[in-house]
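# A structural walkthrough
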Amino acid sequence: MYYSSGNYEAFARPEKPEGVEHKSAYFIGTGLGALAAGCFLVRDAQMPGKHIHYFEKDPVPGGACDGYKYPGVGYVMRGGREMDNHFECMWDLFRSIPSIETEGVSVLDEYYWLNKKDPNFSLCRATEHQGQDAHTENKFNLSDKAQMEIMKLYFTPDEDLYDKKITDFFDDEVLNSNFWMYWRTMFAFANWHSALEMKLYLKRFVHHVGGLPDFTALRFTRYNQYESMILPMVKYLEAHGVQFHYNTKVTDVRFEIRGTQKTARKVVFEKDGQQDEIDLTEEDYLFITNGGNVENSSIGAQDKACEFKTDIQPGGGWDLWRRIAAQDPAFGHPDKFCGNPEKCNWMSATVNTLDQKIIPYIKKICRRDPFTGGVVTGGIVTVKDSSWLMSWTINRQPQFRDQPKDQCLVWIYGLFSDRPGDYIKKPMRDCTGKEICEEWLYHLGVPADQIEDLASHSANTVPAMMPFVSSFFMPRRAGDRPDVVPEGAVNFAFLGQFAETKRDTIFTTEYSIRTAMEAVYSLMRVDRGVPEVWGSTYDVRDLLAATIQLRDGRPLTDMKMDMKQKIALKEALKKIEGTDVEKLLKEYHVL
Ligand SMILES: Cc1cc2nc3c(=O)[nH]c(=O)nc-3n(C[C@H](O)[C@H](O)[C@H](O)COP(=O)(O)OP(=O)(O)OC[C@H]3O[C@@H](n4cnc5c(N)ncnc54)[C@H](O)[C@@H]3O)c2cc1C
């Protein structure tokens, strides 16, 4: 497996790898990573579809990428996916997956046309004082000291960030800025999370710094991601004869370790209460999605709170990873991630409006009509003064293909599930759907005497608790996650958010799909480059633009300097006078 960039490799099709028709593939899980790997096996490795088998513990595919209507409970989207034009592996895949909406076009075409015609941007990024615009005015409000803290982290070697927290690098200068409010609510970072991942994010998305405050950086699918991404992949795989086995829990995998050579030999699974197993030969390839950020999640209902389930049980992603990790040091350290759910849980809730009474409050804030079919809030609206640190968003409506046209689905999330609310004086994790809706209506600016009535009769709200949702952000070091294909692995790979690959950032659809492409290309010896992570961090234009954007447009020459620094700057400017360097710095408003 090697990385490449540019059109030559992007448009080339690999030759069929030798002997692939004698090989089979087994997947644990049907998340985005596993489904993507199946698609790469079919499209690029040209493995016959009927040789591919999926074992999924849930009754439906998709894992974290969900979107369902639970009978008698309501619509649930545990999450909504903000995406980027530089998700290189993802778009490489979706150009080949037929849309299930429009005949003859790909999922990529559909997405590209939609986001061209209806680009995303927000008209109100944050509110305070019950529905008043917080007027962040697209500003980061970073002091010179805060900018230096960010810059320092940016250039700190990974090794120096192992097991370190963000607060080891940022103090209140950063943490009290608009920058941090935008950042932590957009990406769900907490102050105690990994400084290493924070740095990787800064580098990975440096080309988007200017688009962070108003979300011009983002793109969204037409419907929820289960319908817009998972279903087309499943249809594609089924059309190729791929076998799906749902309600099938894999409880153990046994490896044979001989010196440095590691071979997966047995998969133990449970279906309908019956235990069974499959022996693997060296021609049988096993793809394991280890861990899982929606493991143990639970949903409540309009009148029911969620359960906060932290017990790790056999047949789930964490228990399986623990059993695997116990067999070889190269298989990682799951407890680093799942060991402290108090530090990595948060909650979301899906509000389904049932009549038009809540709509005017929404319109007043987002300044758009939710029923046009186009962008509504254009990304999250953060309630700056919410004790739960609540944000909410309305994506293009309808979000579900069967959703009634006059109903609107709102996604709410709160980063602090353990703190009492501002209107409902209970922690979010103890609240029913109705109570979460009341807290949201309070922050929308609904008068107190109408809140209870609107939450009861004008909406149905379903909460979701995800005890491990940010587990991949826990401080870590090299070796805590197994490599996608560990050294010496003969017939297996790890996929998803807890497999290690270079430079890319977790909590993204791209990360899961990248690990899938790397796994398939490595194990099947597909002779075509995997697109490298977008290289904006090596592009001086992006670096200059981001530097000035973080300074809210102020040139570097405006920085506070002592006499010595002023003299040094003057001398440096003299040296570049009349050169292309000076031209570039002026073009990007550095001078
Ligand atoms: C709330 C939320 C918001 C998100 N927001 C964004 C966003 O804004 N932008 C973005 O790019 N990404 C976002 N993501 C991330 C993205 O959706 C996920 O990273 C991605 O879907 C994970 O896919 P995966 O295949 O790696 O893992 P998973 O989806 O976790 O798949 C693992 C699968 O394995 C199955 N499984 C586990 N153990 C077993 C077992 N023992 N036997 C059988 N099956 C098993 C599980 O049931 C599951 O189906 C978000 C995710 C969530 C949850």
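As a starting point, this report considers the structure included with it. (Residues numbered from 1 in each chain as written. Predicted model: local features only at pLDDT ≥ 70, side-chain atom pairs only at ≥ 80, totals over all residues. Heavy atoms only, no water.)

### Some details on the overall build of the protein chain
Across its full length, the protein chain carries 18 helices and 20 strands. In terms of overall dimensions, the protein chain is globule-like: its C-alpha atoms have a radius of gyration of 24 Å, near the 25 Å expected for 591 residues. Referenced to the eigenvectors of the C-alpha coordinate spread, the extents of the protein chain come out at roughly 70 × 70 × 45 Å. When the 591 residues of the protein chain are sorted by exposure, 59% land in the buried category. Taking the intrachain contacts of the protein chain between residues at least 6 apart in sequence as the baseline, contacts between residues at least 24 apart amount to 73%. Working note: accessible area of the protein chain is about 24,400 Å², and carbon and sulfur atoms make up 51% of it. Once the 71 positive and 85 negative side-chain charges of the protein chain are each reduced to a mean point, those two points are 3 Å apart. (Helix = DSSP H or I, 4+ residues; strand = E, 2+ residues; numbered from the N terminus. Rg over C-alpha atoms; globule rule 2.2 N^0.38 Å. Buried < 20%, exposed > 50% of the residue type's maximum accessible area, 1.4 Å probe, protein only. Contact = heavy atoms within 4.5 Å. Areas by Shrake-Rupley, 256 points an atom, 1.4 Å probe, with all protein chains shown as cover. Lys, Arg positive; Asp, Glu negative; His and termini not counted. Charge placed at Lys NZ, Arg CZ, Asp CG, Glu CD.)

### A few points about the sheet that holds strand β9 (residues 248-258)
Strand order in the open sheet made by the three strands is β9-β10-β11, with antiparallel pairing throughout. Edge strands, defined here as strands with exactly one partner in the open sheet, are β9 and β11 (274-279). The average undirected angle you get between the axes of adjacent strands in this sheet is 25 degrees. Direction of pairing for β9 relative to strand β10 (residues 261-271): antiparallel, over a ladder of ten bridges. Bridge pairing links E256 to T263 in β10. (Pairing = 2+ DSSP bridges. Axes fitted to C-alpha atoms, helices over the stretch in contact; angles between N-to-C directions.)

### What to know about the site of the ligand
Near the ligand lie 39 residues; those nearest to it are E56, A64, R81, T509 and S512. The side chain of E56 places a nitrogen or oxygen atom 2.6 Å from an oxygen atom of the ligand. With respect to the ligand, the backbone of F507 contributes an N or O atom lying 3.3 Å from a nitrogen atom. Contact with the protein chains covers 97% of the free accessible surface of the ligand, which is 1,000 Å². Those elements that provide at least two residues to the shell around the ligand are α2 (32-43), β9, α10 (317-325) and α15 (509-523). Broken down by element, the shell around the ligand gets its largest block of residues, three residues, from β9. (Near = heavy atom within 4 Å. Polar contact = N/O pair within 3.5 Å; in protein donor to acceptor, adjacent residues only side chain to side chain.)

### Looking at helix α8 (residues 195-204)
When you tally the buried positions in α8, you get nine out of ten residues, the bulk of the element. If you follow the buried residues of α8, they end up packed against α5 (144-154), α7 (178-187) and α15. Where α8 begins, one side-chain oxygen reaches toward the backbone nitrogen of L196, 3.2 Å away; that side chain belongs to S194.

### Some details on the environment of T136
Relative to the elements of secondary structure, T136 occurs in the loop between β7 (132-133) and α5. Residue class for T136 comes out buried when judged on its relative accessible area of 8%. Look past the residues within four positions of T136 in its chain and what remains in contact with it is R125, A126, N178, M181 and Y182.

### Side note on the packing of α2 against α15
As a packed pair, α2 and α15 sit with axes 8 Å apart at the nearest point and diverge in direction by 40 degrees. Comparing their axes, α15 and α2 come out oblique. As α2 runs across α15, the sense of the crossing is right-handed. Along its contact with α2, which presents L32, G33, A36, A37, F40, L41 and R43, the element α15 presents T509, S512, I513, A516, M517, V520 and Y521. Here the contact of α2 with α15 is composed, by residue class, of ten nonpolar, three polar and one charged. (Parallel < 35°, antiparallel > 145°, perpendicular 65-115°, else oblique. Left-handed = near helix turned anticlockwise from the far one by under 90°. Nonpolar A, V, L, I, M, F, W, Y, C, P; charged D, E, K, R; others polar.)

### A closer look at unusual backbone geometry
Here Q397 and P398 are connected by a cis peptide whose omega angle stands at -5 degrees. Tracing the chain through its elements places P398 in the loop between β16 (390-393) and β17 (409-414). Of note in the backbone geometry, F215 takes a positive phi value of approximately 65 degrees without being a glycine. Tracing the chain through its elements places F215 in the loop between α8 and α9 (225-239).

### Comments concerning the side chain of T185
When you line up the elements, T185 lands in helix α7. For T185, a relative accessible area of 2% translates into the label buried.

### A few points about the pattern of salt bridges
Taken as a whole and assessed by the stated rule, the structure comprises 39 salt bridges. In this structure, the salt-bridge partner of R43 is D44, at a minimum N-O distance of 2.8 Å. The exposure class of R43 is buried, given its relative accessible area of 15%. For D44, a relative accessible area of 3% puts it in the buried group. Residues D480 and K336 are paired through a salt bridge, measuring 2.7 Å at the closest nitrogen-oxygen approach. (Salt bridge = Lys/Arg side-chain N within 4 Å of Asp/Glu carboxyl O.)

### Considering α15
Across its 15 residues, α15 extends 22 Å between first and last C-alpha, which sits within 8% of the 21 Å expected from 1.5 Å per residue. With respect to burial, α15 is a largely interior element, 14 of its 15 residues being buried. Once α15 finishes, R525 follows within two positions and takes phi at roughly 55 degrees, a positive value. (Expected span 1.5 Å × (residues − 1).)

### Details of the side chain of E439
Secondary-structure assignment places E439 in helix α13 (residues 433-444). Buried charge E439 goes without a salt bridge, the closest partner of opposite sign being K425 at 7.2 Å. Side-chain polar atoms of E439 contact the backbone nitrogen of D422, separated by 2.7 Å. The residues contacting E439, other than those within four sequence positions of it, are W388, M390, G421, D422, Y423 and I424.

### What to know about the nonpolar core
By size, the foremost hydrophobic cluster in this structure holds 139 residues, and its most contacted members are F179 and F287. Looking at which element gives the most residues to this core, the answer is α2, with nine residues. Apart from residues lying up to four places away in sequence, F179 is in contact with F140, L142, I150, V174, M198, L202 and L550. Counting residues in hydrophobic clusters, the runner-up holds 35 residues, among them I365, I412, M428 and L441. (Core = buried A, V, L, I, M, F, W, Y, C linked by side-chain atoms within 4.5 Å.)

### Regarding the pairing of β11
Sheet topology places β10 next to β11; six bridges connect them, and they run antiparallel. Looking at β11, one finds that F269 is bridged to D276. Where β10 hands over to β11, the hairpin turn is made up of two residues, of which D272 adopts a positive phi near 50 degrees.

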